[in-house]
Structures are given as structure tokens and as C-alpha cells.
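So you can see what is in the structure, the chains are spelled out below.
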Amino acid sequence: MTYFNKQWTEEILLPDGSTASCQQDVDLFLKKNQLALAGDYSDAFRHEARLNNERTERRELWAEFIKNYKRSIWNAKK
């Protein structure tokens, strides 16, 4: 994304304690924290967020399954 704006005259304090001196800094903060402006909450954005949550949950469940499977194999050999 290309920005044609200049530095702001005053920096703003972001929720994580860092400061932003231009719109690009704010956008980087939002992207890093997986946030969006209120106007950006389109159906596609919500769909993508839901898919990301489901993928994360699947990965966690799979990791838990593998951990329990390895534990059962380890305990069966004793």
C-alpha cells in the first residue's frame, strides 16, 4: 500500500504503549495485532477471521491428539 500523506504534527499513543506519527504506523499496528477499523468489518473480513479461528482450533486439537496418542503408546510399552 502506498501512502502520500506526511508525518502528523503530533504523535498519538497506541494501546500497546507505542506511538504513531502517520497513518502507516497505525495500519502496521492494526495488522500486527490482527485488528481492523470499524468500517473494515465487511462480510469477507469476518469470514476470514472465522476461518483463521477455526484453523487455529484445528491445529491445537491435532497437537493435543498427537500428544495423547504418543502418551498412550509410551504407557502401553511399559
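Residues numbered from 1 in each chain as written. Predicted model: local features only at pLDDT ≥ 70, side-chain atom pairs only at ≥ 80, totals over all residues. Heavy atoms only, no water.

Visitor: Mind showing me how you'd approach the overall build of the protein here?
Guide: When you go through the protein residue by residue, the secondary structure sums to two helices and two strands. In sequence order, the secondary structure elements of the protein are arranged as β-β-α-α. If you take every contact in the protein between residues at least 6 apart in sequence, the share linking residues at least 24 apart comes to 6%. By element, 56% of the accessible surface of the protein is carried by carbon and sulfur atoms, the whole surface being about 7,200 Å². (Helix = DSSP H or I, 4+ residues; strand = E, 2+ residues; numbered from the N terminus. Contact = heavy atoms within 4.5 Å. Areas by Shrake-Rupley, 256 points an atom, 1.4 Å probe, with all protein chains shown as cover.)

Visitor: Got a minute to help me understand unusual backbone geometry in this structure?
Guide: The general pattern is negative phi for most residues beyond glycine and trans for most peptide bonds. Despite not being glycine, Q34 has its phi angle at roughly 55 degrees, a positive value. Its place among the elements puts Q34 in the loop between α1 (23-32) and α2 (43-76). The class of Q34 is exposed, set by a relative accessible area of 72%. (Buried < 20%, exposed > 50% of the residue type's maximum accessible area, 1.4 Å probe, protein only.)

Visitor: How should the packing of aromatic side chains be read in this particular structure?
Guide: Here the distance between the centres and the angle between the planes together describe a pair of aromatic rings. Summed over all chains, the structure comprises two aromatic pairs. Where F65 meets Y69, the ring centres are 6.3 Å apart and the plane angle is 15 degrees; that geometry is what we call stacked. Taken together, the residues F65 and Y69, both in helix α2 and four residues apart, mark about one turn of the helix. Its relative accessible area of 47% is what places Y69 among the partly exposed residues. Through a chain of ring-to-ring contacts, three or more aromatic side chains come together here, namely W62, F65 and Y69. (Phe/Tyr/Trp six-rings, centres within 6.5 Å; stacked < 30°, edge-to-face > 60°.)

Remember that the coordinates give geometry; whether it matters functionally is a separate question.
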